[in-house]
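# A structural walkthrough
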Amino acid sequence: MPMVKRVICPARLRKIPAQFNWIDHRLVRDKYICGRSAQALALYLFLLTVADAQGLSYYSDTALSRLLPLDELALSHARLELIAVKLIAYQKPLYQVLALVSRRR
């Protein structure tokens, strides 16, 4: 029998805000998040949230370390992890969240 969904808290039903950004479901479906560290996922979520329509944002390491629970070394490792799996591009101080390439098998 299929799961019947119902809104649990109608007073807090999400609405799409004017400054809406999205999180692509392929992160889960195509297993982009599998094997990523919690630090890398925290950085990625932050970058998704603050990016403009082209995926661009610029936050200094100092600002990111203040906003996220990451010291400079952890931030550097998280950034390198996201670059290695082609989720972001980085040229100090500019970040770009990259479009996902479908990798279903």
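Reference entry: report on the structure contained in this document. Please read all numbers here as calculations on a predicted model, not as lab measurements.

### Some thoughts on helix 2 (residues 38-50)
- For helix 2, spanning 13 residues, the distance from its first C-alpha to its last is 18 Å, which sits close to the expected 18 Å at 1.5 Å a residue.
- Every buried residue of helix 2 is accounted for by Ala40, Leu43, Tyr44, Phe46, Leu47 and Leu48.

### What to know about a nonpolar patch on the surface
- Judged by side-chain polarity, Ile16, Phe20 and Trp22 come together as a nonpolar surface patch covering roughly 400 Å² of accessible area.
- Tracing the backbone shows Ile16 in the segment before helix 1 (26-29).
- The class for Ile16 is exposed, based on a relative accessible area of 68%.

### Looking at the layout of surface pockets
- Size it by volume and the largest pocket reaches roughly 270 Å³.
- For the largest pocket, the lining is made up of 17 residues, of which Trp22, Leu48, Gly55, Val97 and Leu98 are closest to its centre.
- The set of elements that each furnish at least two residues to the lining of the largest pocket consists of helix 1 and helix 2.
- In the lining of the largest pocket, the residues fall into 11 nonpolar, 3 polar and 3 charged.

### Observations regarding the packing of aromatic side chains
- For the coordinates displayed, the defined rule picks out 2 aromatic pairs.
- With a centroid separation of 5.0 Å and 85° between ring planes, the pair formed by Phe46 and Tyr59 is classed as edge-to-face. Placement of the pair is Phe46 in helix 2 and Tyr59 in the loop between strand 1 (56-58) and helix 3 (61-67), with a sequence separation of 13 residues.
- On the basis of relative accessibility, which here comes to 28%, the residue Tyr59 falls in the partly exposed class.
- On the basis of an interplanar angle of 45° and a centroid distance of 4.5 Å, the ring pair of Tyr90 and Tyr95 is categorised as tilted.
- Taking the relative accessible area as the measure of exposure, Tyr90 reaches 22% and is therefore partly exposed.
- The exposure class assigned to Tyr95 is buried, which follows from its relative accessible area of 1%.
- Its guanidinium or amino end placed over the ring of Tyr90, Arg79 lies 4.4 Å from that ring's centre, counting from NZ or CZ.

Conventions we followed
- Residues numbered from 1 in each chain as written.
- Predicted model: local features only at pLDDT ≥ 70, side-chain atom pairs only at ≥ 80, totals over all residues.
- Heavy atoms only, no water.
- Helix = DSSP H or I, 4+ residues; strand = E, 2+ residues; numbered from the N terminus.
- Expected span 1.5 Å × (residues − 1).
- Buried < 20%, exposed > 50% of the residue type's maximum accessible area, 1.4 Å probe, protein only.
- Patch = residues over 30% accessible without salt bridge, like charges linked within 9 Å, V, L, I, M, F, W, Y side chains within 5 Å.
- Areas by Shrake-Rupley, 256 points an atom, 1.4 Å probe, with all protein chains shown as cover.
- Salt bridge = Lys/Arg side-chain N within 4 Å of Asp/Glu carboxyl O.
- 1 Å grid on protein atoms, 1.4 Å probe; cavity = no way out; pocket = protein on both sides within 12 Å on 5 of 7 lines; lining within 4 Å.
- Points joined across faces, edges and corners; volume = space filled by probe spheres on them.
- Nonpolar A, V, L, I, M, F, W, Y, C, P; charged D, E, K, R; others polar.
- Phe/Tyr/Trp six-rings, centres within 6.5 Å; stacked < 30°, edge-to-face > 60°.
- Lys NZ or Arg CZ within 6 Å of the ring centre and 35° of its normal.

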